[in-house]
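Here is how the chains run, residue by residue.
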Amino acid sequence: MNAATGPAVCVEDVVKRYGDTTAVDGIGFEVQQAQVLALLGPNGAGKTTTVEMCEGFVRPDAGRVRVLGLDPIADSERLRPRIGVMLQGGGAYPGSRAGEMLDLVASYSANPLDPDWLLGVLGLRDNRKTPYRRLSGGQQQRLALACALVGRPEIVFLDEPTAGLDAQARLIVWELIDALRRDGVSVVLTTHMMDEAEQLADQLVIIDHGRIVASGTPAEVTAHGAAGQLRFTAPPKLDLDLLRSALPEGFTPRETTPGCYLLEGEIDPQVLATVTSWCARMNVLATDIRIDQRRLEDVFLELTGRDLRG
Ligand code: ATP
């Protein structure tokens, strides 16, 4: 595959087992050049393992991975200078200073970005001389991102790049990822933040138990299932049978928490009128009537359930 024309990443039917655990169970996706792909999934879904196979740190038991047309393990020497890797939780010699670490990583690259400039962009210029172990969690996280980017990679793998960052730092990282895409860099990231995925990603892949349960653009993924939601607040324990029979087939109004009512489906003006006339007949004043398009979070929970993962 020619790196100039083919996908930046091509994952086909990969499987990875750890003992009895099948961490990744036949996953496939492509990342085009200058695109951002977000891998979403509950804890333990297999996101990190998938990314580690792309980075060449983990060998798949089955399937095929190509990054810039190369095999991440067999061709690792040729590939390493062209990719940027940010590991979950970073990792460093605790005594080394932030600036030294970035300089060292930059020295491996033929044409690195200016480390001082990058420290400035990520708000770390004052921490140049700070030993790694003295950096705050968010500063360590930003330094790990700087290390992933300093070598001007063609593709970057970012495992939870904004985990633990404050709102300001998160915005900077979002802007940086957007700027990378504009520069033609492909980005694969994992995240637990749905707003981040919606904001940044061209493509989403939702993984659960090692398998893909949904994929597509954010708009395509949120179009899955019910189209909209109507919520309202009213006195608790209203009898919903009358409303149910007045609504078109398929609508099942529910009281989600006491006094909070939810109707899911294609909410059109007639449905809204039915709800308000039912309220009038019940002599109930509904407040906080809200109609929302389904959010990614709703789709995610619907697809992956509400059970806490081990
Ligand atoms: P999180 O959101 O918690 O980071 P994840 O989606 O990245 O989760 P993975 O880290 O890929 O999930 O883990 C997938 C499964 O594989 C989990 O059950 C995990 O315990 C298991 N696993 C991952 N790495 C190893 C390993 N080196 N040895 C044994 N089991 C592993």
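Basis of the calculations
- Residues numbered from 1 in each chain as written.
- Predicted model: local features only at pLDDT ≥ 70, side-chain atom pairs only at ≥ 80, totals over all residues.
- Heavy atoms only, no water.
- Core = buried A, V, L, I, M, F, W, Y, C linked by side-chain atoms within 4.5 Å.
- Buried < 20%, exposed > 50% of the residue type's maximum accessible area, 1.4 Å probe, protein only.
- Helix = DSSP H or I, 4+ residues; strand = E, 2+ residues; numbered from the N terminus.
- Contact = heavy atoms within 4.5 Å.
- Domains from an automatic or database assignment.
- Disulfide = S-S within 2.5 Å.
- Salt bridge = Lys/Arg side-chain N within 4 Å of Asp/Glu carboxyl O.
- Pairing = 2+ DSSP bridges.
- Axes fitted to C-alpha atoms, helices over the stretch in contact; angles between N-to-C directions.
- Near = heavy atom within 4 Å.
- Polar contact = N/O pair within 3.5 Å; in protein donor to acceptor, adjacent residues only side chain to side chain.
- Areas by Shrake-Rupley, 256 points an atom, 1.4 Å probe, with all protein chains shown as cover.
- Nonpolar A, V, L, I, M, F, W, Y, C, P; charged D, E, K, R; others polar.

In this section: the nonpolar core. Leu-143 and Leu-158 are the most contacted members of the largest nonpolar core, which totals 46 residues. Examining the composition of this core, we find that 7 residues originate from one element, helix 5 (residues 137–149), more than from any other. The residues contacting Leu-158, other than those within four sequence positions of it, are Met-86, Leu-145, Ala-148, Ile-177, Val-187, Val-188, Leu-189 and Thr-190. Judged by nonpolar contacts, the second largest core, of 26 residues, contains Val-24, Val-51, Met-53 and Ile-207.

Frequently, the measure chosen for interface size is the accessible area that the parts lose on association. Domain annotation of the protein identifies domain 1 (9–222) and domain 2 (229–293). For domain 1 versus domain 2, the separation of C-alpha centres amounts to 43 Å.

This model, assessed by the stated rule, comprises 0 disulfides. Looking at Cys-260, it has no disulfide partner, and the nearest cysteine sulfur is the one in Cys-279, 13 Å off.

Considering all chains together, one arrives at 16 salt bridges under this definition. The residue Lys-16 makes a salt bridge to Asp-61 at a minimum N-O spacing of 3.8 Å. On the criterion of sequence distance, the pair formed by Lys-16 in strand 1 (residues 9–18) and Asp-61 in the loop between helix 1 (47–55) and strand 4 (62–67) is long-range, its members being 45 residues apart. Assessed through its relative accessible area of 41%, Asp-61 is described here as partly exposed. Among the salt bridges present, the one from Asp-71 reaches Arg-66, with a minimum N-O distance of 3.8 Å. By relative accessible area, which is 22% here, Arg-66 ends up partly exposed.

Reading across from one edge, 5-6-7-3-8-9 is the order of the 6 strands in this open sheet, with mixed pairing throughout. Each edge of the open sheet is held by one strand with a lone partner, namely strand 5 (83–86) and strand 9 (211–216). When strand polarity is set aside, the average angle formed by the axes of neighbouring strands in this sheet is 15°. Bridge count between strand 3 (residues 36–40) and strand 8 (residues 203–208): 4 bridges; the pairing is parallel. Residue pairing across strands places Ala-38 opposite Leu-204, the latter belonging to strand 8. In the packing of helix 11 (residues 296–304) onto the sheet, contacts are made with strand 3, strand 8 and strand 9, and the angle to strand 8 comes to roughly 30°.

As a further point, take the site of the ligand. The immediate surroundings of the ligand are formed by 14 residues, with Gly-44, Gly-46, Lys-47, Thr-48 and Thr-49 found nearest. For the ligand, an oxygen atom lies 2.7 Å from a polar atom in the side chain of Lys-47. Relative to its unbound accessible area of 640 Å², the ligand is 61% covered by the protein chains. Those elements giving two or more residues to the shell around the ligand turn out to be strand 2 (21–31) and helix 1. Per-element accounting of the shell around the ligand gives the leading share, 3 residues, to helix 1. When the residues that make up the shell around the ligand are grouped by side-chain class, the tally is 4 nonpolar, 8 polar and 2 charged.

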